[in-house]
Amino acid sequence: MKYIEELECGDTFSYKDNMYILTSDFKSNGSKLCYSLVSGFPQWLNPDTIVYHEPIYILDSNNNTTPIKTTPKK
C-alpha cells in the first residue's frame, strides 16, 4: 500500500476494486488525475489516498512475464 503521491506518472494501481493509471495532471490542492482502465473515465484522487500499487504485465515471445513499466532498483 502506498499514498498516491508516492507513485510516478504512468504507474498503475487499484483503488476500490478498480484499476487506474496515474497521469501527470494535478490540481493546486495536490489532487492527482487518474484514468480507470476498466471504464476509461477520469477521477481526481486526493494525495493522501491509499492505493495498492499493481504493475501490469505482458508476455514476451518466450512466454516470460515482464512489467510494462519497469521500476529502477533502489
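Remember, it's a predicted structure, so these values are computed and weren't measured experimentally.

A. Summary view of the pattern of salt bridges. All chains considered together, the criterion is met by two salt bridges. Glu-8 serves as the salt-bridge partner of Lys-69, at 3.9 Å between the closest nitrogen and oxygen. Of the two residues, Lys-69 sits in the segment after strand 8 (65-67) while Glu-8 sits in the loop between strand 1 (2-3) and strand 2 (12-14), which places them 61 residues apart along the sequence. With a closest N to O distance of 3.0 Å, Asp-11 and Lys-69 form a salt bridge. Of this pair, Asp-11 sits in the loop between strand 1 and strand 2 while Lys-69 sits in the segment after strand 8, and the two are 58 residues apart along the sequence. Residue classification places Lys-69 among the partly exposed residues on the basis of a relative accessible area of 29%.

B. Fine view of the nonpolar core. The biggest cluster of nonpolar side chains holds nine residues, and these are Ile-4, Leu-7, Phe-13, Tyr-15, Tyr-20, Leu-22, Cys-34, Leu-45 and Val-51. Residues within four places of Leu-45 in sequence aside, it is in contact with Ile-4, Phe-13, Tyr-15, Ser-31, Lys-32 and Cys-34.

Thresholds applied
- Residues numbered from 1 in each chain as written.
- Predicted model: local features only at pLDDT ≥ 70, side-chain atom pairs only at ≥ 80, totals over all residues.
- Heavy atoms only, no water.
- Salt bridge = Lys/Arg side-chain N within 4 Å of Asp/Glu carboxyl O.
- Helix = DSSP H or I, 4+ residues; strand = E, 2+ residues; numbered from the N terminus.
- Buried < 20%, exposed > 50% of the residue type's maximum accessible area, 1.4 Å probe, protein only.
- Core = buried A, V, L, I, M, F, W, Y, C linked by side-chain atoms within 4.5 Å.
- Contact = heavy atoms within 4.5 Å.

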